[in-house]
Amino acid sequence: MSYQRRIIDDLLDEVFPHLAAIALEGAKGVGKTATATQRSQTVLNLGLPQVRGTVAGNLSLVTQHAPPVFIDEWQLEPPIWDVVRAAVDDDRTGGRFLLAGSAGVAPGVRIHSGAGRIVRLMMRPLSISERGLCEPAVSLAALLRGEQQRIWGQTTLTVSDYVDEILASGFPGIREISGRGRGIQLDSYLARIVDRELPENGIEVRRPDALNHWLQAYGAATATDAAYSKILDAATPGENNKPRRATVDIYREHLARIFVLDPVPAWSSVFAPLSNLAKAPKHHLVDPALAARLVGTDKRGLLLGEGRRVGTSAGTWLGALFESLVTQSVRVYAEAANARTGHLRRRDGLREIDLIVEGEDRNVVAIEVKLSDTVTDLDVRHLNWLHREIGEQLVDRVVINTGKQAYRRTDGVAVIPLALLGP
């Protein structure tokens, strides 16, 4: 199959000629290997035992091959990181090394940070604009710069189409599969996390069933900031022999380390005069298709409002998955613009905004997500409150919805169907 160009390719085209080493990080299956292979002359795949054995026996091999050298699954042989770091110290010529890893370093293994030598870039599953559904009409980067005052564009996508995209997954290799095979592949991906990924990365899973139940409960908490105690209670209803909280915390830490959990941190800014903000992250898996599979609701069920949730009594399960789909795409676009993404909620629960994107110049775009084709004054009240609070720092207010038309309201809020938002 021909390579499908990704948003991160534009960034790599810009910076790799000037940077000696870049590490692509992200969950297994997001496309790191395909992207890195496109711009490499030498490929060392440490996932292959014979290659790993050869490299482990002579680590200097990674510096002796013709550049660019791509080292896949480098974390399986952690000393490689320090070898590359030292090689960059000796020669900072751009375009020498690409590393890809689907996990951080195993517990107890120490490596130097690589700061200043190896640049880390995150890859996530395919954003909506990368799936080729329609041409985006609104740029998040332009919104951050305050440049896109005119909001326009049309799409034919409906709620039903967005449900299809949630269930299809943003993993390139999984979404290509049709019918029952896709569900089987998603189940296999989830099973592999518990049976292989965690053990291969140094984590002993003594109670796989307990971890599976916790993952199901975490998936049901998608798009909430539910306390971890509530997630544990939902995973073990009526059980006296619950996993110890410390054990669950270890699982959670390492599920994040292999990029399966992808929570959105709470936003705060030293330049914004806001107080009483909650600090808990908002829960998301790396792909909403995994959450949908864990909870076990199909397309018909989602459209009928089925699906249990943890940590909230408001909104539907489909609404939570749609927010997760939006969040996945917005984070891809934000990182391409060198911006960070968070969420905002006051401790008293009176004010909350689904996504806050803050650029390197401290400009802010605030985003609400609405599973509807209409937007009312009630839907934008928190956006307008934030505008009153932080003034010009908030360069745009956005509602992302499932409508067919992008436009700007008379109060200045931009209404943008998800399919029409791009990088």
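Look up: the structure comes first, before these words.
A brief report on the enclosed structure follows. (Residues numbered from 1 in each chain as written. Predicted model: local features only at pLDDT ≥ 70, side-chain atom pairs only at ≥ 80, totals over all residues. Heavy atoms only, no water.)

Looking now at the pairing of strand β10 (residues 394-401). Where burial is concerned, most of β10 is hidden: seven out of the eight residues are buried. In this structure, strand β9 (residues 364-369) lies alongside β10, joined through six bridges in parallel fashion. Note on β10: the bridge partner recorded for V365 is D396. Each parallel crossover has a hand, and for β9 linked through helix α15 (residues 381-390) to β10 it is right-handed. (Buried < 20%, exposed > 50% of the residue type's maximum accessible area, 1.4 Å probe, protein only. Helix = DSSP H or I, 4+ residues; strand = E, 2+ residues; numbered from the N terminus. Pairing = 2+ DSSP bridges. Right-handed = clockwise from strand over helix to strand, strands pointing away.)

On inspection of all chains with the given rule, the structure shows 33 salt bridges. R5 is the salt-bridge partner of D10, the closest N and O atoms lying 3.0 Å from each other. Counted as one network, the salt bridges with shared partners bring together R5, D9, D10, D13 and R39. (Salt bridge = Lys/Arg side-chain N within 4 Å of Asp/Glu carboxyl O.)

A few words on the pairing of strand β2 (residues 42-45). Going residue by residue along β2, you find T42 and L44 tucked away on one face and V43 and N45 left uncovered on the opposite face. The sheet contact formed by β2 and strand β3 (residues 69-72) spans four bridges and is parallel. If you follow L44 over to β3, its bridge partner there is I71. Regarding topology, helix α3 (residues 49-57) serves as the crossover connection from β2 to the parallel β3, and that connection is right-handed.

Time to look at the sheet that holds strand β7 (residues 340-345). Spatially, six strands are ordered β7-β8-β9-β10-β12-β11 in an open sheet, and the strand pairing comes out mixed. With partners counted over all chains shown, the strands left at the sheet margins are β7 and β11 (407-408), one partner each. Bridging between β11 and strand β12 (residues 414-417) involves two bridges; their strand directions are antiparallel. The residue of β12 that forms the bridge with R408 is A414. Together, β7, β8 (352-358), β9 and β10 form the strand contacts of α15, whose direction differs from that of β10 by roughly 170°. (Contact = heavy atoms within 4.5 Å. Axes fitted to C-alpha atoms, helices over the stretch in contact; angles between N-to-C directions.)

Once that is clear, we can look at the environment of I177. Assignment of secondary structure puts I177 in the loop between α7 (172-175) and α8 (180-200). For I177, the contacting residues outside a window of four places in its chain are R182 and Q185.

In this section: α15. Buried within α15 we find H382, L383, N384, W385, L386 and I390. Close packing links the buried residues of α15 with β7, β8, β9 and β10. Just past α15, the residue G391 takes up positive phi, approximately 60°.

Taken in spatial order, the five strands make up an open sheet running β2-β3-β4-β1-β5, and their pairing is parallel. Two strands bound the open sheet, and with one partner strand each, they are β2 and β5 (118-122). Across the sheet, the mean angle separating the axes of adjacent strands is 20° when strand polarity is ignored. Alignment of strand β1 (residues 21-25) against β5, held across five bridges, turns out to be parallel. In the sheet register, A23 faces β5, and the bridge partner there is R120.

These figures capture arrangement, not role.
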